[in-house]
Amino acid sequence: MSKAREKTLRPQYYNMTYSSSYGGESKPLPTWKTYLYTLQLQAPKPKKIVCQREIPGKPTFYGKEFHGNITREEADRLLASEGDGGYLVRKSERAADAYTLAIRFDNQTKNYKLYFDGQHYVGDKRFDTVHDLVADGLIHFYVELKASDYIASLSNESNYAESPYLAYTDKRKRLHRSRKSAHSKRLDFGDQSQEGSSGSANGSVPQQYLDDELDSIDDVEKYEKAHNFKTQNFIGLHWCDFCANFMWGLIAQGVKCLDCGFEAHKKCSEKVPNDCLPDIKFVKNLFGADLTTVVKARNTPIPVVVEKCIKEIESRGLETEGLYRIAGLHDEVESIRMAFDKDGENTVINEAKYDDINSITSVLKLYFRLLPIPLITFEAYRIILDTMKQDEPRSRNQIIKLKEGLSKLPPAHYQTLRFLLAHLNRVTEKKSSNMMGSDNLAIVFAPTLMRCPEPDPMVSLMNAQFEQKALETLLVKFRDLFSRMSTTQNFEASSKRPSFDALRITDQPPHFDKV
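Residues numbered from 1 in each chain as written. Predicted model: local features only at pLDDT ≥ 70, side-chain atom pairs only at ≥ 80, totals over all residues. Heavy atoms only, no water.

- Per an unreviewed UniProt entry, the chain is named Beta-chimaerin, and its organism is Crassostrea virginica.
- Quoted verbatim from the Subcellular location (unreviewed entry) heading of the UniProt record, the comment on the chain is "Membrane". (UniProt positions renumbered as here; feature names shortened; annotations may be inferred.)

Next up, the structure:
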């Protein structure tokens, strides 16, 4: 059943109930309100006032509704005889090569300057025909005439806690959780033998999981994310997911979130909190997509690209000379990127398929470069860069300020950065073989993870050295900066510092408290 048809039928579902995830009590589903839909049906229909004579030089984009050079009074008499809904187009009396659309409504003639650029318009909306433009206008005239007070109160009087969106989202969350297997609450690296990974030189690599400090899957659902609203031309009948009222008009009736499908009146959308729950059917690509959107859509604390690439690198590439410094083959990198966008977590990047580990490292760097908001966000960037410019390197004060900058990262960015830096520290442990110490990795990753918000290229160039110093400090002081125990009072307490093994592969799966 189409979405338009489904929403048309929804008003008769008002007696249905659903079990809330907060206590399990049954609650009625919201009732879809039909008052505005009824008004749209009652709106006058457009009636073309046909010109009975040939007009020399008539524009090719107008039809019989074009009356040429007639006065406003003549147009008013023609429209008055037809009644509400009548319309015609005439040449403007005030400007050459300009045209006026005259519409009859509520026993008055309304005149609008009419434009054409391949489509007809008088405001922001574009229409293929003048007839459709008039039909949409008459609907808006009528609905606003009959229900102006009702429309003004739509978003103010609506209770978001009882909105259709929240009701159906709550139901979707519960269904999503019920379908999740137990291993989805961790980064499950699976059975190495299934992908044919070669393992390390001294034996097979054990499985790798995040430790207890990573947020559980329930926390991922609670990450704050703003809706990505865009004006939408809805086909068929649609109701607002905020106020449950009909979205009237023929085109641009409201807005739709491109990440979760939330549909609303434009005014109602301004009242919606930042609680977007992205749906994988809307978020199709991994590369170039917002990080928080990706992890919420796929219900995993770390993007699948980062998880799988790091797993593969650690299984067979930590001792490769020039790791991350040497670029992979362009065709292989593009092949892996397209595979991730198509297959997601089912993407195979094992040695049997891609034997050059540099292609895997290049894909990981490409993922971070293509993020629309860099991993180290602009807000955190400013604090971190100011700290690197002002404070003594790796001093107590600098560490405290760096932690302040990191605290500005959204949860998905923080967890991903933490996971990546733990991996890069394991790379440095093999620097005698791979020749990649923290200084070399900082040179490679600084421009990948950070982006200067200033448009001036000279500012970016001057900041480059501080970006590299910042990333090197994040690597060297990883335990101080990312440990829960490292507060402003005891960040130097070595007994409280976690080992990198806390983020290593272990033979046993991690423990998660039941929720």
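**Regarding the pairing of strand 9 (residues 254-257)**
- Bridging between strand 8 (residues 229-232) and strand 9 involves four bridges; their strand directions are antiparallel. Within strand 9, the position partnered with Gln232 by the bridge is Gly254.
- Taken together, the two bridges between strand 9 and strand 10 (residues 263-264) define a ladder with antiparallel strand orientation. Looking at strand 10, one finds that Val255 is bridged to Ala264.
- The antiparallel pairing of strand 9 with strand 10 creates a hairpin that spans five residues between the two strands, and Gly261 there sits at a positive phi of about 90 degrees. (Pairing = 2+ DSSP bridges. Helix = DSSP H or I, 4+ residues; strand = E, 2+ residues; numbered from the N terminus.)

**Things to note about the sheet that holds strand 3 (residues 47-48)**
- Taking strand neighbours across the sheet as the criterion, the five strands line up as 3-4-5-6-7 in an open arrangement whose pairing is mixed. Only two strands of the sheet have a single neighbouring strand rather than two, namely strand 3 and strand 7 (120-121).
- Across the sheet, helix 4 (residues 130-152) lies against strand 4 (86-91), strand 5 (99-105), strand 6 (108-116) and strand 7, angled at about 45 degrees from strand 5, the strand it touches most. (Contact = heavy atoms within 4.5 Å. Axes fitted to C-alpha atoms, helices over the stretch in contact; angles between N-to-C directions.)

**Some thoughts on the packing of aromatic side chains**
- Applying the stated criterion across every chain yields a total of 20 aromatic pairs.
- Between Tyr115 and Tyr121, the aromatic rings sit 5.3 Å apart at their centres with planes inclined by 15 degrees, giving stacked as the arrangement.
- Considering the side-chain rings of Phe229 and Phe262, the 5.6 Å spacing of their centres and the 75 degrees angle between planes classify their relative orientation as edge-to-face. Here Phe262 lies in the loop between strand 9 and strand 10 and Phe229 lies in strand 8, a separation of 33 residues in the sequence.
- The class for Phe229 is partly exposed, based on a relative accessible area of 21%.
- The rings of Phe61, Tyr62, Phe66, Tyr99 and Phe116 are connected pair by pair, giving a single aromatic cluster.
- Of note, Lys110 hangs over the ring of Phe141, and the distance from its end group to the ring centre comes to 5.1 Å.
- Between Arg126 and the ring centre of Tyr121, over which it is positioned, the NZ or CZ distance is 3.6 Å. (Phe/Tyr/Trp six-rings, centres within 6.5 Å; stacked < 30°, edge-to-face > 60°. Buried < 20%, exposed > 50% of the residue type's maximum accessible area, 1.4 Å probe, protein only. Lys NZ or Arg CZ within 6 Å of the ring centre and 35° of its normal.)

**Considering the confidence of the model for the chain**
- Averaged over every residue, the pLDDT of the chain is 81; the share at 70 or more is 77%.
- With pLDDT under 50 throughout, residues 1-26 is counted as low confidence; its partners more than four residues away or in other chains account for 52 contacts.
- Counted against residues more than four places away or in other chains, residues 179-218, with its pLDDT under 50, gives 97 contacts. (pLDDT = per-residue confidence, 0-100.)

**Quick look at the sheet that holds strand 8**
- Here three strands make up an open sheet; going across it, the order is 8-9-10 and the pairing antiparallel. Every other strand in the sheet has two partners, leaving strand 8 and strand 10 as the edge strands with one partner each.

**Digging into helix 12 (residues 330-343)**
- Between the first and last C-alpha of helix 12 there are 20 Å, a value that for 14 residues agrees with the 20 Å anticipated at 1.5 Å per step.
- When helix 12 is considered as a whole, its buried residues turn out to be Glu332, Val333, Ile336, Arg337, Ala339, Phe340 and Asp341.
- Buried positions along helix 12 lie against helix 11 (304-316) and helix 13 (357-369).
- At the C-terminal side of helix 12, Gly344 shows a positive phi close to 60 degrees. (Expected span 1.5 Å × (residues − 1).)

**A short note on the pairing of strand 4**
- Extensive coverage of strand 4 is indicated by the burial of five of its six residues.
- Across two bridges, the pairing between strand 3 and strand 4 is parallel. Counterpart to Lys47 in the pairing with strand 4 is Gly86.
- Crossover handedness for the path strand 3 to helix 3 (residues 72-82) to strand 4: right-handed.
- Bridge analysis of strand 4 against strand 5 gives five bridges, and the strand direction is antiparallel. (Right-handed = clockwise from strand over helix to strand, strands pointing away.)

**What about helix 19 (residues 457-476)?**
- Here helix 19 contains 20 residues, and its C-alpha end-to-end distance of 29 Å stays within 8% of the 28 Å for a straight helix at 1.5 Å per residue.
- Of all the bends in helix 19, the largest measures some 40 degrees and sits at Ala464.
- Buried within helix 19 we find Asn463, Phe466, Glu467, Ala470, Leu471, Thr473, Leu474 and Leu475.
- The elements touched by buried residues of helix 19 are helix 14 (378-390), helix 15 (396-406), helix 16 (411-428), helix 18 (438-449) and helix 20 (478-482). (Bend = angle between axes of the 7 residues up to and from the residue.)

**Considerations on the environment of Lys342**
- On the secondary structure map, Lys342 appears in helix 12.
- Residues Lys342 and Leu286 lie 56 residues apart in sequence; the distance between their C-alpha atoms is 8.8 Å.

**Observations regarding the side chain of Arg316**
- By the secondary structure assignment, Arg316 is in helix 11.
- Within the local environment of Arg316, its side chain forms a polar contact with the backbone oxygen of Ile349, the two atoms lying 3.4 Å apart. (Polar contact = N/O pair within 3.5 Å; in protein donor to acceptor, adjacent residues only side chain to side chain.)

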